[in-house]
2 protein chains.
Amino acid sequence: MSLPSQVTLCDVGPRDGLQNEKQTVATEHKVELIQRLQEAGIRRLEATSFVSPKWVPQMGDNVEVMRGIARRPDVAYAVLVPNAKGLEAALPLKPDEIVVFTAASEAFTQKNINCSIAESIERFAPVVAEAKARGIKVRAALSCALGCPYEGEIHPDQVDRVAAQLKAIGVDHLGVSDTIGVGTPRRVQAALERALKHFPLAEVSGHYHDTYGQALANVYASLELGVATFDASVGGLGGCPYAKGATGNVATEDVVFMLNGLGIETGVDIEALVDAAAFISKVLGRPPVSRVARALLAKRQA
Amino acid sequence: MSLPSQVTLCDVGPRDGLQNEKQTVATEHKVELIQRLQEAGIRRLEATSFVSPKWVPQMGDNVEVMRGIARRPDVAYAVLVPNAKGLEAALPLKPDEIVVFTAASEAFTQKNINCSIAESIERFAPVVAEAKARGIKVRAALSCALGCPYEGEIHPDQVDRVAAQLKAIGVDHLGVSDTIGVGTPRRVQAALERALKHFPLAEVSGHYHDTYGQALANVYASLELGVATFDASVGGLGGCPYAKGATGNVATEDVVFMLNGLGIETGVDIEALVDAAAFISKVLGRPPVSRVARALLAKRQA
């Protein structure tokens, strides 16, 4: 079985990661993090979100962050947008992509955004249409695609059903998100297979949390299906909002280490990435949670 | 591709794990750890070693540990034995298995046991013969099978060559050990394939370190070849002697979580295993390093 020869990594650290850290990080540090990521070879990243600062105060400096970045033409800058108001606020900053979100779990959607899955999709259908009319690519993050903190295991048919609805409103790309990190390789493959019924291989990505240490095994299992786009978070930024003290997003450097070993091109310099992880971890006043950053930093000290 | 329906886990925490912890653990705590492991469903474990206490003071209480365990007939107790003297000391304690060790790297063998690979094998050939004459199973741990702290990447042909030599002297079982954790799935499969030229599927095991977070992906890749025996260390005990602050042995509970998700039987109760991890981590005065223990303990607290 041959694996993809090239993988695109989307670093979600500056948004998904920092949003879930307890501390709010200064704008200049966010900008420096993004700068370091693009210098390390990251060509796709989630820069910030345009959710109301009432709900997500950590991203209240979204305009300043977008203005602060020395943007490169070869990097795609994505921003999270929950609704028409968010899109309106984001448009002047010229994001390359917007990210809308729903979940494969009804209970999670109710608790998280206070509506049903169908309502959530209906609600952002005009946002998708508006973004596409302006030539902005639309990614949808499908949370709880493997498991839900309220419902438990999620059947792949749920992914199938919601993926079809997202495709129908014009979403370009589907991110299959294991929000609570309970997925294991074969179940991840089953979820991806359902997503691939509706989206082409290049437009399905894996977004795996390492809460139970399964993320890299799940990335490997995804590669076996030909999936070649993954979200990851530098330094493992983000933690897990459902289990305090547990890890969240898989660390970008852990993914890169595996892909390097598999001979798969990412264009990312792992040492520069570890520098970026060390930088932001220092800002947060704690060591990086990723295995690779810890090991490589320990090796440098030795 | 179908995976094995059942996996045997050998918990190496009491020996390989505790030997590489800075602190020496009291005999009673070692005995309690073993007790807890067998109560959690572990049916194969590395109990202690019979290396000179001059070299490994942490295992100086090997006799007391072996005498202290309430042995079960359905559990195989292995002990590490470096030479004839070690075997002689171990025999009265009636181990079910002995473990001898060499490496796939010449430089490592020189630095670690001060001889060539060939000499190391020659040296323990009579130990193997003696153990077998007494009906004791002999496992060989092949260290640095994927990479070496001195030589770097190890070619799978090295595994092939040393596996043949170990088979020739009567070794029953080969443990392919990624001592520094640099292996990635396809390279691990290549190493295992060479081992499988000389040993049957049931007599090849994977011993993976999680230093770079790759261990579970490597276990999954091994399962794809039909390999169904793995070493792991409760709580991720052991650390990495080559990178201070980095992780070593893959945690047993992380492996069990993945195998549970894959529908593969292990006979191990993950909650009882996490209790054992919490117990020994408390003895060591630090939290468990494993993702699963951290997440499940955090969930219990919530």
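These remarks concern the structure in this document. Since we're looking at a predicted model, the values are computed, not measured. Along every chain, residues carry numbers that run from 1 in the direction the sequence is written. Chains and ligands are labelled by the order in which they are written, letters from A for the one and numbers from 1 for the other. Under the rules for a predicted model, residues below a pLDDT of 70 receive no local features and side-chain atom pairs below 80 are neither given nor counted, while totals for whole chains, interfaces and linings still include all residues. Only heavy atoms go into the side-chain values, all of them from the structure, while hydrogens and water stay out.

Right, let's talk about the sheet that holds strand β4 (residues 97-103) of chain B for a bit. Residue and element names in this part refer to chain B. At least two bridges found by DSSP between two strands is the condition for calling them paired. Helix numbering and strand numbering both begin at the N terminus, where a helix is a DSSP run of H or I of at least 4 residues and a strand a DSSP run of E of at least 2. With parallel pairing, 8 strands are arranged side by side around a closed barrel as β1-β2-β3-β4-β5-β8-β9-β10. Taken over all neighbouring pairs, the strand axes of this sheet differ in orientation by 25 degrees on average, direction set aside. Summarising the sheet, strand β8 (residues 173-178) and strand β9 (residues 204-208) pair through 5 bridges and their orientation is parallel. Note that in β9 the partner of Gly-175 across the bridge is Ser-205. Each of β1 (8-11), β2 (44-49) and β3 (76-80) is contacted by helix α2 (residues 27-39), which is oriented at about 170 degrees to β2, the strand it contacts most. Note on definitions: angles span 0 to 180 degrees between N-to-C directions of axes, and those axes are lines fitted to C-alpha atoms, for helices only across the stretch in contact. By the convention used here, residues are in contact when the closest approach between their heavy atoms is within 4.5 Å.

On to the interface of chain A and chain B. Counting residues at the interface gives 37 residues for chain A, matched by 37 residues for chain B. Buried area is a sum: the accessible area each of two parts loses on coming together, probed at 1.4 Å, counted once for each and added. Of the roughly 3100 Å² buried between chain A and chain B on both sides combined, carbon and sulfur atoms contribute 59%. A per-residue breakdown of the area chain A buries against chain B is headed by A:Arg186, A:Tyr212 and A:Arg291, which together make up 27% of the total. A:Asp210 is the salt-bridge partner of B:Arg291, the closest N and O atoms lying 3.2 Å from each other. In protein, a polar contact means a hydrogen-donor-capable atom and an acceptor-capable atom, both N or O and within 3.5 Å, with residues adjacent in sequence counting only if both atoms are side-chain atoms; elsewhere, any N or O pair within 3.5 Å suffices. On the surface where chain A and chain B come into contact, there are 8 residue pairs in polar contact (both at pLDDT 80 or more). Of all the secondary-structure elements, those providing two or more residues to the side of chain A that touches chain B are α8 (185-195), α9 (215-224), α10 (252-261) and α12 (291-301) of chain A. Per-element accounting of the side of chain A that touches chain B gives the leading share, 7 residues, to α12(A). Throughout this entry, Asp, Glu, Lys and Arg are counted as charged residues, while Ala, Val, Leu, Ile, Met, Phe, Trp, Tyr, Cys and Pro are counted as nonpolar. The remaining residues, Gly among them, count as polar. Looking at side-chain class alone, the side of chain A that touches chain B contains 19 nonpolar, 9 polar and 9 charged residues. Should a side-chain nitrogen of Lys or Arg be within 4 Å of a carboxyl oxygen of Asp or Glu, the pair is scored as a salt bridge.

Here the focus is the relation of the copies chain A and chain B. Least-squares superposition aligns the copies on the C-alpha atoms of those residues with pLDDT at or above 70 in both. Least-squares fitting of chain A to chain B yields an RMSD of 0.0 Å, with the superposition described by an axial translation of 0.0 Å and a rotation of 180 degrees. The transformation relating the two chain copies, once decomposed into turn and shift, fits a two-fold axis. Minimal C-alpha separation from the rotation axis in chain A is found for A:Ala217, amounting to 1.9 Å. Residue by residue, 100% of the interface of chain A is reproduced at the interface of chain B, so both copies engage with the same surface.

It is worth spelling out the pattern of salt bridges at this point. Residues and elements named next belong to chain B. Scanning the entire structure with this criterion turns up 42 salt bridges over all chains. Notably, a salt bridge pairs Glu-46 with Arg-15, separated by 2.7 Å at the nearest N-O pair. With Glu-46 in strand β2 and Arg-15 in helix α1 (residues 13-19), this residue pair connects regions lying 31 residues apart in the sequence. Arg-15 shares its class with Glu-46; the two are buried. Only protein chains enter the calculation, and the probe is 1.4 Å; a residue is then buried if its accessible area is under 20% of its type maximum, exposed if over 50%, and partly exposed in between.

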